[in-house]
Amino acid sequence: YVPVICGLSRANPKDIERAWEAVKPAVRPRVHTFIATSPIHMETKLKKTPDEVLQIAVDAVKFAKSLGCDDIEFSPEDAGRSDPEFLIKVLSAVVDAGATTLNIPDTTGWNVPWEFGPLIQQLRDGLGEKADRVVFSTHCQNDLGLSTANSIAGAAHGARQIECTINGIGERAGNAALEEVVMALALKGPTHFGAKGPCGEGPDLRTGIDPVHITPTSNMVKEYTGMAVQPHKAIVGANAFQHESGIHQDGMIKNKQTYEIMTPESIGLMRGDQQSGAGIVLGKHSGRNAVSTRLNELGYELDDDKLQAIFIRFKEVAERKKGGLDDDDLEALVADEVYSAQAMWRLERVQVTTGSGVVPTATVALTGPDGVERQGVAMGTGPVDAAYKAIDALTSVKVHLETYSMESVNAGIEAMATTKVVVNPVDSATSLHSSGYTTSRKFSGSGSDTDVVVSSARAYVAAVNKLIRWNMRRAAAEQVEAQEA
């Protein structure tokens, strides 16, 4: 396969000559020349009469032919708003002058598919036998979001070249996106065109493009141009094969074809085992089944109570974390909920006020062992210190904070933070070692959240809960010893 290398030029000799000089070393060179044919363009931009425009178009094609170019494409700019009868007159004349491809542009994105497709058919019929000597092409802008639909409609009515761009980049709202056109024809070409199409005749349609190269090509264009692809862009957007709705995730787990009409692998996006191999994004719309499935895939076998505790925390975090939770986030929640001590006190809310010239203040709400929610307010040297002092006041537990550390679970400004603390009680609780000496008892706790203050508070409450339960066990053991004595 040898590609056509085409140079675009206005319909004047100087531009055409320059375009030809640029492309003539190619194996298959082409010159594409154009002039506007709509009333508004002819009157206000070109200030030419229709007859003058017709003559310029013919002269441009003849001049390209005189240079030795045998592959000449002609476009009547703004064809979508031009008089069809005038278009037929111009197109017929340029075919006689040597044009081999007739490109019909919807330059302003004005047309709808049931206009644009029949326009292609009308122009082909108007040219009669001349239509068989040329290739009809479409060039559709996306001002109304219809560029791909118009292009496909043109193909259904006889166009055999579709001008499009990677990622749909282009003037104003962009052009028809190559990836959308390719996949539409790959999926619908054998069943919705030709004899089964709107015209009831002609061949089934296909392209010569291998769609497995779509994703890497899209990424290359994105990198080179610096033009980001919107997440919800069809085919190549970051969300195109991701599923966050709980109902959708349940269907994807059971059968991927419930919500995917093509596979990501077919366009070169290798999903592998990530996201349950089904593009499942664990976000605020995810259901318990999706969370449970991913935890099982990660190796966690949890009973219903533990799963429910994790799912409740998952929902809390997912409401605040855009883009969903990845595997590292999920494992941090497991560590936070499953591997922490049985809660005596449960953190409900924490709110802090801090900043330059403001005394850091924290308001903390905890639910105690009796099921009653209590609130405490405290000031500190910083927001975390203030929160810890409020927790101390609510739990009536006095501890020294021995170590405090925090790390990001993953990258990005919305990453989850995992905080780890180690505390020891003020009354210097001790443990007797087998070697006969005693040491000060220490209690650790960890917590995870997208908010560093909440993460810190959860870790501190977890450590305090361990201390309280240890004190309860020690008190029970001392009572038993006293009874035996």
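Note that this is a predicted model, so its numbers are computed, not measured.

Procedures and definitions
- Residues numbered from 1 in each chain as written.
- Predicted model: local features only at pLDDT ≥ 70, side-chain atom pairs only at ≥ 80, totals over all residues.
- Heavy atoms only, no water.
- Phe/Tyr/Trp six-rings, centres within 6.5 Å; stacked < 30°, edge-to-face > 60°.
- Helix = DSSP H or I, 4+ residues; strand = E, 2+ residues; numbered from the N terminus.
- Buried < 20%, exposed > 50% of the residue type's maximum accessible area, 1.4 Å probe, protein only.
- Axes fitted to C-alpha atoms, helices over the stretch in contact; angles between N-to-C directions.
- Left-handed = near helix turned anticlockwise from the far one by under 90°.
- Contact = heavy atoms within 4.5 Å.
- Nonpolar A, V, L, I, M, F, W, Y, C, P; charged D, E, K, R; others polar.
- 1 Å grid on protein atoms, 1.4 Å probe; cavity = no way out; pocket = protein on both sides within 12 Å on 5 of 7 lines; lining within 4 Å.
- Points joined across faces, edges and corners; volume = space filled by probe spheres on them.
- pLDDT = per-residue confidence, 0-100.
- Patch = residues over 30% accessible without salt bridge, like charges linked within 9 Å, V, L, I, M, F, W, Y side chains within 5 Å.
- Areas by Shrake-Rupley, 256 points an atom, 1.4 Å probe, with all protein chains shown as cover.
- Salt bridge = Lys/Arg side-chain N within 4 Å of Asp/Glu carboxyl O.
- Core = buried A, V, L, I, M, F, W, Y, C linked by side-chain atoms within 4.5 Å.
- Arc of directions from axis to C-beta.
- Polar contact = N/O pair within 3.5 Å; in protein donor to acceptor, adjacent residues only side chain to side chain.
- Parallel < 35°, antiparallel > 145°, perpendicular 65-115°, else oblique.
- Pairing = 2+ DSSP bridges.

Draft legend 1. Just the packing of aromatic side chains, in detail. Tallied over the full model, the rule gives 3 aromatic pairs. Their ring planes at 20 degrees and their centres at 6.1 Å tell us that Phe311 and Phe314 sit as a pair that is stacked. Note that Phe311 and Phe314 are positioned in helix α11 (residues 304–318) at a spacing of 3 residues, about one turn of the helix. For the residue pair Phe311 and Phe314, the accessibility class agrees, reading buried in each case. Taking the centre distance of 3.9 Å and the plane angle of 10 degrees together, the rings of Tyr388 and Tyr460 count as stacked.

Draft legend 2. Quick peek at the packing of helix α13 (residues 383–395) against helix α14 (residues 452–484). Interaxial distance between α13 and α14 falls to 10 Å at its minimum, and their mutual angle equals 35 degrees. In this structure, α13 crosses over α14, and the sense of that crossing is right-handed. Along the contact surface, α13 presents Pro383, Val384, Tyr388, Ile391, Asp392 and Thr395, while α14 presents Val453, Ser456, Ala457, Tyr460, Val461 and Val464. Tallied by class, residues from the contact of α13 with α14 come to 9 nonpolar, 2 polar and 1 charged.

Draft legend 3. The layout of surface pockets, seen in detail. The volume enclosed by the largest pocket comes to roughly 1,200 Å³. If you go around the largest pocket, you meet 30 residues; those closest to its centre are Tyr1, Arg160, Gln161, Ile162 and Glu163. For the lining of the largest pocket, the leading source of residues is helix α7 (residues 178–192), giving 4 residues.

Draft legend 4. Quick look at the confidence of the model for the protein. Summarising the model, the protein shows a mean pLDDT of 87, and 88% of its residues fall at 70 or more. Considering only residues more than four positions removed or in separate chains, one finds that residues 432–438, a stretch of pLDDT under 50, has 6 contacts.

Draft legend 5. Structural view of a nonpolar patch on the surface. A grouping of Leu401, Tyr404, Met406 and Val452 is seen on the molecular surface, where their side chains present a nonpolar patch of about 330 Å² in accessible area. With 3 residues, the top contributor of residues to the nonpolar patch is strand β10 (residues 399–408). Owing to a relative accessible area of 41%, Leu401 belongs among the partly exposed residues under this scheme.

Draft legend 6. Examining the nonpolar core more closely. Judged by nonpolar contacts, the single largest core of 39 residues is most densely connected at Phe74, Val94, Leu102, Ile104, Leu123, Leu127 and Phe136. Of all the elements in the fold, those that place two or more residues in this core are α1 (13–23), β2 (29–36), α3 (50–66), β3 (72–77), α4 (84–97), β4 (101–106), α5 (113–127) and β5 (135–140). Counting residues per element, this core draws most heavily on α4, at 8 residues. In terms of nonpolar packing, the next biggest core, distinct from the first, is built from 30 residues, Tyr388, Leu394, Ala463 and Trp470 among them.

Draft legend 7. Region of interest: helix α9 (residues 246–254). Those residues of α9 that sit buried are Gln249, Gly251 and Met252. Viewed end-on, α9 has its buried residues packed into an arc of 165 degrees, placing them on one side of the element. Exposed residues lying more than 90 degrees from the buried face of α9 are Ile247 and Lys254.

Draft legend 8. Layout of the side chain of Gln141. Structurally, the position occupied by Gln141 is in the loop between β5 and α6 (147–156). Take Gln141: its relative accessible area is 7%, and that puts it in the buried class. Of note is the side chain of Gln141, whose polar atom sits 3.2 Å from the backbone oxygen of Gly174. Here Gln141 is in contact with Asp106, Thr107, Thr108, Gly109, Ser147, Glu171, Arg172, Gly174 and Asn175, once residues within four sequence places are set aside.

Draft legend 9. Inspection of the pattern of salt bridges at higher detail. Across all of its chains, the model carries 19 salt bridges by this definition. Between Arg30 and Asp71 there is a salt bridge whose closest N-O contact spans 3.0 Å. Taken together, the positions of Arg30 in strand β2 and Asp71 in the loop between α3 and β3 put the pair 41 residues apart, joining distant regions of the chain. Here the two residues Arg30 and Asp71 agree in accessibility, since each one is buried. The shortest N-O distance in the salt bridge between Lys45 and Glu77 comes to 3.0 Å. Pair noted here: Lys45 is in helix α2 (residues 39–46) and Glu77 is in strand β3, with a separation of 32 residues, a long-range link. Several salt bridges converge on common partners, so that one network encompasses Arg30, Asp71 and Glu73.

Draft legend 10. Just the packing of α6 against α7, in detail. Where α6 meets α7, the axes come as close as 10 Å, and the angle between the chain directions of the two elements is 45 degrees. By the angle between their axes, α6 is oblique relative to α7. The handedness of the crossing between α6 and α7 is right-handed. Residues Thr148, Ser151 and Ile152 of α6 touch α7, and the partners they reach there are Glu180, Val181, Ala184 and Leu185. Of the residues assigned to the contact of α6 with α7, the class counts are 4 nonpolar, 2 polar and 1 charged.

Draft legend 11. Seen up close, the sheet that holds β3. Spatially, β1-β2-β3-β4-β5-β6 is the arrangement adopted by the 6 strands of the open sheet, whose pairing is parallel. Because the sheet does not close on itself, it has two edges, and the strands there are β1 (5–10) and β6 (161–163). Between one strand and the next, the sheet's axes are offset by a mean angle of 25 degrees, whatever the strand orientation. As paired elements, β1 and β2 share 6 bridges and run parallel to each other.

Draft legend 12. Representation of the sheet that holds strand β8 (residues 361–367) in the model. Read from one edge of the open sheet, 3 strands run β7-β8-β9, paired in antiparallel fashion. With one partner strand each, in any of the chains shown, β7 (346–353) and β9 (373–379) form the two edges of the open sheet. For this sheet, the mean inter-axis angle between neighbouring strands, taken without regard to orientation, is 15 degrees. Relative to β8, β7 runs antiparallel, the two sharing 7 bridges. The partner of Gln351 across the bridge, within β8, is Thr363. Across the sheet, α13 touches β7, β8 and β9, and the angle it forms with β8 is around 40 degrees.

Draft legend 13. View of the environment of Ala36. Considering the arrangement of structural elements, one finds Ala36 in strand β2. Setting aside chain neighbours within four positions, we find Ala36 in contact with His41, Met42, Lys45, Leu46, Val53 and Glu77.

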